[in-house]
Amino acid sequence: MAAAPALKHWRTTLERVEKFVSPLYFTDCNLRGRLFGASCPVAVLSSFLTPERLPYQEAVQRDFRPAQVGDSFGPTWWTCWFRVELTIPEAWVGQEVHLCWESDGEGLVWRDGEPVQGLTKEGEKTSYVLTDRLGERDPRSLTLYVEVACNGLLGAGKGSMIAAPDPEKMFQLSRAELAVFHRDVHMLLVDLELLLGIAKGLGKDNQRSFQALYTANQMVNVCDPAQPETFPVAQALASRFFGQHGGESQHTIHATGHCHIDTAWLWPFKETVRKCARSWVTALQLMERNPEFIFACSQAQQLEWVKSRYPGLYSRIQEFACRGQFVPVGGTWVEMDGNLPSGEAMVRQFLQGQNFFLQEFGKMCSEFWLPDTFGYSAQLPQIMHGCGIRRFLTQKLSWNLVNSFPHHTFFWEGLDGSRVLVHFPPGDSYGMQGSVEEVLKTVANNRDKGRANHSAFLFGFGDGGGGPTQTMLDRLKRLSNTDGLPRVQLSSPRQLFSALESDSEQLCTWVGELFLELHNGTYTTHAQIKKGNRECERILHDVELLSSLALARSAQFLYPAAQLQHLWRLLLLNQFHDVVTGSCIQMVAEEAMCHYEDIRSHGNTLLSAAAAALCAGEPGPEGLLIVNTLPWKRIEVMALPKPGGAHSLALVTVPSMGYAPVPPPTSLQPLLPQQPVFVVQETDGSVTLDNGIIRVKLDPTGRLTSLVLVASGREAIAEGAVGNQFVLFDDVPLYWDAWDVMDYHLETRKPVLGQAGTLAVGTEGGLRGSAWFLLQISPNSRLSQEVVLDVGCPYVRFHTEVWAHRWMDLSEHGFGLALLNDCKYGASVRGSILSLSLLRAPKAPDATADTGRHEFTYALMPHKAPSPAPATSWSAFSVSSPAVVLETVKQAESSPQRRSLVLRLYEAHGSHVDCWLHLSLPVQEAILCDLLERPDPAGHLTLRDNRLKLTFSPFQVLSLLLVLQPPPH
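Small disclaimer: the values here were computed from a predicted structure and weren't measured.

A.B. asks: Is there a simple way to explain the overall build of the chain in this structure?
C.D. replies: Check the secondary structure of the chain and you find 16 helices and 51 strands. Projected onto the principal axes, the alpha-carbon positions of the chain cover approximately 115 × 65 × 65 Å. For the chain, with 969 residues in total, the buried portion stands at 56%. When the accessible surface of the chain is split by element, carbon and sulfur atoms take 53% of a total near 39900 Å². If the 82 positive side-chain charges of the chain are averaged to one point and the 100 negative ones to another, these points end up 2 Å apart.

A.B. asks: Honestly, the packing of aromatic side chains in this entry has me stumped. Any pointers?
C.D. replies: What describes a pair of aromatic rings is the distance from one ring centre to the other and the angle between the planes of the rings. Taken as a whole and judged by the stated rule, the model has 36 aromatic pairs. Measuring from ring centre to ring centre gives 6.0 Å for Phe210 and Tyr214, while their planes differ by 80°; the resulting arrangement is edge-to-face. Within this pair, Phe210 and its partner Tyr214 are both found in helix H4 (residues 207-222), separated by four residues, close to a single helical turn. A relative accessible area of 34% places Tyr214 in the partly exposed class. Seen in terms of ring centroids, Phe405 and Phe424 are 5.5 Å apart; in terms of plane orientation they differ by 45°. Their pairing is tilted. Placement of Phe405 in the loop between strand S16 (391-393) and strand S17 (409-413) and of Phe424 in the loop between strand S18 (419-423) and helix H11 (436-444) is noted, with a sequence separation of 19 residues between them. Comparing Phe405 with Phe424, the two get one shared label, buried. Lying over the aromatic face of Trp874, Arg553 brings its terminal NZ or CZ to 4.1 Å of the ring centre. The ring of Trp916 carries the charged tip of Arg947 above its face, separated from the ring centre by 3.9 Å.

A.B. asks: What is the right way to read the sheet that holds S16 from this model?
C.D. replies: Sheets are built from strands that pair by backbone hydrogen bonding, the pairs being arranged parallel or antiparallel. What the five strands build is an open sheet, ordered S15-S16-S18-S17-S21; its pairing is mixed. Of all strands in the sheet, those bounded by a partner on one side alone are strand S15 (367-369) and strand S21 (509-511). The sheet shows a mean angle of 30° between the axes of neighbouring strands, direction not considered. As paired strands, S16 and S18 are joined by three bridges and run parallel to one another. The residue bridging Arg391 from the neighbouring strand is Leu421, located in S18.

A.B. asks: What should I look at first to understand the sheet that holds strand S48 (residues 935-941) in this one?
C.D. replies: The strand order across the open sheet built from five strands is S44-S45-S51-S47-S48, with neighbouring strands paired in antiparallel fashion. Pairing within the sheet leaves two strands with one partner each, and these edge strands are strand S44 (884-891) and S48. Here the strands of the sheet are splayed against their neighbours by 30° on average, with no regard to which way each runs.

A.B. asks: I keep staring at the nonpolar core and nothing clicks. Help me out?
C.D. replies: Generally speaking, soluble globular proteins have nonpolar side chains that are buried together. Counting residues in hydrophobic clusters, the biggest one holds 188 residues, and the most contacted among them are Phe326, Phe877 and Leu917. With eleven residues, the top contributor of residues to this core is helix H14 (residues 527-553). Filtering out sequence-adjacent residues up to four positions away, Phe877 remains in contact with Leu549, Ser656, Met657, Leu886, Val889, Leu903, Leu917, His918, Leu919, Leu921 and Leu962.

A.B. asks: Looking at this model, I keep getting lost on the environment of Gly353. Mind explaining?
C.D. replies: Within the secondary structure, Gly353 is located in helix H9 (residues 343-361). Gly353 sits in the buried class, given a relative accessible area of 0%. With 40 residues separating them in the primary sequence, Gly353 and Leu313 have C-alpha atoms 20 Å apart. Leaving out residues up to four positions away in the same chain, Gly353 has contacts with Ala300, Gly331, Thr332, Trp333 and Arg348.

A.B. asks: Would you mind going over the side chain of Glu360 with me for this structure?
C.D. replies: Among the structural elements, Glu360 can be located in helix H9. A distance of 2.9 Å separates a polar atom in the side chain of Glu360 from a polar atom in the side chain of Tyr314. Glu360 has contacts with Lys307, Tyr314 and Gln318, leaving out every residue within four places of it along the chain.

A.B. asks: How should I be thinking about the packing of H4 against helix H5 (residues 231-242) in this particular structure?
C.D. replies: For any two helices packed against each other, the geometry comes down to the angle between their axes and how far apart the axes lie. Interhelical geometry of H4 versus H5 gives an angle of 170° and a closest axis separation of 8 Å. With respect to each other, H4 and H5 are oriented roughly antiparallel. On H5, the residues that touch Arg208, Gln211, Ala212, Thr215, Gln218, Met219 and Val222 of H4 are Val233, Ala234, Leu237, Ala238 and Phe241. Of the residues that constitute the contact of H4 with H5, the class distribution is eight nonpolar, three polar and one charged.

A.B. asks: Can you walk me through the pairing of strand S26 (residues 677-681) in this structure?
C.D. replies: Each regular strand displays side chains that alternate between the two surfaces of the sheet. Alignment of S26 against strand S33 (residues 760-766), held across two bridges, turns out to be antiparallel. What sits directly across from Phe678, in S33, is Gly765. With four bridges connecting them, S26 and strand S27 (residues 687-690) associate as antiparallel partners. If you follow Gln681 over to S27, its bridge partner there is Val687. Hairpin geometry of S26 and S27 is characterised by an intervening segment of five residues between the two adjacent antiparallel strands and by a positive phi of about 95° at Gly685.

A.B. asks: Teacher, can you tell me more about the packing of helix H3 (residues 183-202) against H5 here?
C.D. replies: The geometry of H3 relative to H5 is characterised by a closest axis approach of 10 Å and an angle of 40° between their N-to-C directions. It follows from the interaxial angle that H3 and H5 lie oblique. By crossing handedness, the relation of H3 to H5 is classed as left-handed. Across the interface between the two elements, Asp184, Val185, Met187, Leu188, Asp191, Leu194, Leu195 and Ile198 from H3 touch Phe231, Ala234, Gln235, Ala238, Phe241 and Phe242 from H5.

A.B. asks: Please explain H5 as it appears in this structure.
C.D. replies: Each turn of an α-helix holds 3.6 residues, which means side chains three or four residues apart point in the same direction. Here H5 spans 17 Å end to end across twelve residues, near enough to the 16 Å set by a 1.5 Å rise per residue. When we look at burial in H5, the residues that qualify are Phe231, Ala234, Leu237, Ala238, Phe241 and Phe242. The arc that holds every buried residue of H5, seen down its axis, measures 130°, which confines them to one face. Away from its buried face, by an angle of more than 90 degrees, H5 presents the exposed residues Pro232 and Arg240. Where H5 is buried, its residues contact H3, H4 and helix H12 (470-478).

A.B. asks: How should I be thinking about the confidence of the model for the chain in this particular structure?
C.D. replies: Should pLDDT be low for a region, the predicted coordinates there are not to be read in detail. Confidence along the chain averages 92 in pLDDT terms, with 92% of residues attaining 70 or more. Confidence drops under pLDDT 50 across residues 666-670; counting only partners more than four residues distant or on other chains, this segment forms seven contacts.

A.B. asks: I tried to follow a nonpolar patch on the surface on my own but got confused; where do I start?
C.D. replies: Taken together, the side chains of Leu24, Tyr25 and Phe26 define a hydrophobic patch exposed on the protein surface, amounting to about 380 Å² of accessible area. Looking at the secondary structure, you find Tyr25 in the loop between helix H1 (10-21) and strand S1 (36-41). Overall, Tyr25 belongs to the partly exposed group, its relative accessible area being 47%.

Thresholds, definitions, all that
- Residues numbered from 1 in each chain as written.
- Predicted model: local features only at pLDDT ≥ 70, side-chain atom pairs only at ≥ 80, totals over all residues.
- Heavy atoms only, no water.
- Helix = DSSP H or I, 4+ residues; strand = E, 2+ residues; numbered from the N terminus.
- Buried < 20%, exposed > 50% of the residue type's maximum accessible area, 1.4 Å probe, protein only.
- Areas by Shrake-Rupley, 256 points an atom, 1.4 Å probe, with all protein chains shown as cover.
- Lys, Arg positive; Asp, Glu negative; His and termini not counted.
- Charge placed at Lys NZ, Arg CZ, Asp CG, Glu CD.
- Phe/Tyr/Trp six-rings, centres within 6.5 Å; stacked < 30°, edge-to-face > 60°.
- Lys NZ or Arg CZ within 6 Å of the ring centre and 35° of its normal.
- Pairing = 2+ DSSP bridges.
- Axes fitted to C-alpha atoms, helices over the stretch in contact; angles between N-to-C directions.
- Core = buried A, V, L, I, M, F, W, Y, C linked by side-chain atoms within 4.5 Å.
- Contact = heavy atoms within 4.5 Å.
- Polar contact = N/O pair within 3.5 Å; in protein donor to acceptor, adjacent residues only side chain to side chain.
- Parallel < 35°, antiparallel > 145°, perpendicular 65-115°, else oblique.
- Nonpolar A, V, L, I, M, F, W, Y, C, P; charged D, E, K, R; others polar.
- Left-handed = near helix turned anticlockwise from the far one by under 90°.
- Expected span 1.5 Å × (residues − 1).
- Arc of directions from axis to C-beta.
- pLDDT = per-residue confidence, 0-100.
- Patch = residues over 30% accessible without salt bridge, like charges linked within 9 Å, V, L, I, M, F, W, Y side chains within 5 Å.
- Salt bridge = Lys/Arg side-chain N within 4 Å of Asp/Glu carboxyl O.

Put into structure tokens, the structure is as follows:
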């Protein structure tokens, strides 16, 4: 006779079920304690330590020595290889057998010479399935190798995650044995945990919550952990509950496997290569066991690394990509920062990434994938459009400090009007684990209820890799269509966005930048990295331009396509969102600086070769030609080399994207159309610099007391105020040291006051005038600055040692002040004050960040919103409108005969404009193309008198494909 129903107390019933599945309590008699059955130690265990990251074939030849559970190994960044010799007991025939392995660090299992699965306690991967069911004829003995990296999923921080790594940290092996795994117990545990999640998540006011709790309680009643024959009855109770379906209006969650791997962060680049292998081989193993499982993977650079280091694994990745389970996404070389790279560098992220995906996987990506970056430029929608992408997934704005972003699914409109469909996973994470709590949060947190009924759910351990687990998959499959919960389907990004697009009429539109209200310290941290980024962007621009012009004018010149691709990929790698931002450990920063040095060294070699080929046979009187790589004529003072290593100043004029000879010595001081520079030091120590365009006055300590635009008489410095004022602020964020500059820091402003009498005249006038001073910032830090004004120059430069790009501008009608710089990105405007963040020195994750010597230049140019070029000068391109900038000239990527160029231009004033592009190259055909250099079938342009007419809408980017005529031999 069945027992009469009893009145159940919510809390005691809930806790009863929790203890039944607990890994901590009552494991001698609860269900969790029966997950594994019989066990035995591994037959033989041996190991060796190495500071190198060795290939498998080399590692297995090393001298392995006896090892045992409990052994320690290390230190940080070393590798311990284990040889694991196994003998499976005969009595285990018919059972599922696992190698149970628990150690600190990140492990990778090798079997028969190939990687097969990652192992890490942090990523809940502590066993490797040797066989689903041991057969009578299966071998009983085998040898595996386990490669253990001496670092965790999130590096090896000393005391906290983002602290600088502990170089002496040691690691330990705590478990290495064979065990029988009870799959039926595992599935019961999954069901009971889900029922507990539903009961807690829906709460005491929900009927379905009580149904879940009572079902779980009844399962405990009928299930005896010591008697497996009771398990099917309990399983049937769970199946009946989960088989009760929801209605047609249920929200649909698209669950996609995901494993965000920072290309470098709290670990070096080379460790990322192994993180990719550990994570992706585990994902492939899950795909074999779960044909419905789909895994999204971004960052072409990481795939290229795996292709090079793990060719067998890479071939399997391509196979599963063909099946539609391994899905490349993103379209970029790395997941770059969304603000610091130049617009052209962002284009190259897509150009390199999309071409890689097309070549390796047969198709380009249809969605941009950037889940973890520190802000999003308003030009990204147009760049996406030009690269064949109309969809974008990210989630970082969920970190906003003050204002919650109002949408999770919306259209994003860029500066030029381009629109893309954007989705933020409403669970505000890209590392879900498949819990009921996360599923319910995804629905409840959705800020577009009534407008969008589909959401992404990215599951798998991330940041440091790891990825999904079988348990996560089992949870999500069980929740596929259960009353009281949203539908859950294992899905791809393409399926998600297709569902969102099919019902997008009610979606709102966000116009302009997507600003992250956090991590704005990353515009300043690691100044040398910022400087390297700016310099290398310029070097590669110049190499491409001069190589393109040399290609057009010389039959013998070979465009250095392969070398440029290598250098661009190094630069793009450094633009990963934890490298160029400076939010990385010292080891990564040092590697990044080596990359910049490679680009500088090889880039300058290529630059010299291209310049020599371009200017062959046309030397100036001094044997020198001056090349201008910018798209406008320049009249500037230059320091030109003289015999014996000396330099002399000369005023030179060079046409746009062309060259001119060095003026002869007799014309070094020509009759200037502009006034020469006058330098006057007053008796009080102040200095005035005046070139007839602007007049600058510095007080005796080097502060700017007056900046006058001479033609209008307008003063740019407010009465009673000073410019060029150096200021110190306290810099103690709440947690994210290298990332954040907090608003309360503004309350700690401390002007650095110089000593009168330190200002001295440098260059005394004529072509150039200057003054310089020293400023003691602290007992250990001082600053030297030279203030320079050249003849005919509309700005004054401040050459110094110790979010803006190259400039920022504060203007009113008819007058403005521009602040320009050569390598800084952090800036602000408050009222009428322009501020440039020069340096900060966070202590985590790099304790040495920004200590040392720094050199940079900024300039001030007041403005009111030339002489002719030498007869032998030559200009390749010029544009008739000042609103249009010719940004890039390069060889086309896919030119069959390598005789085509790509030009990229953009409208910079926010205006509709028609303009003429003047060409001096032998152009055969001109065609509009997209950013991936694919010709527009309707984009053929008419060439008239070596001119092309171009039409721009506000902030539009245009790309042109120019087919060149064969050069004369």
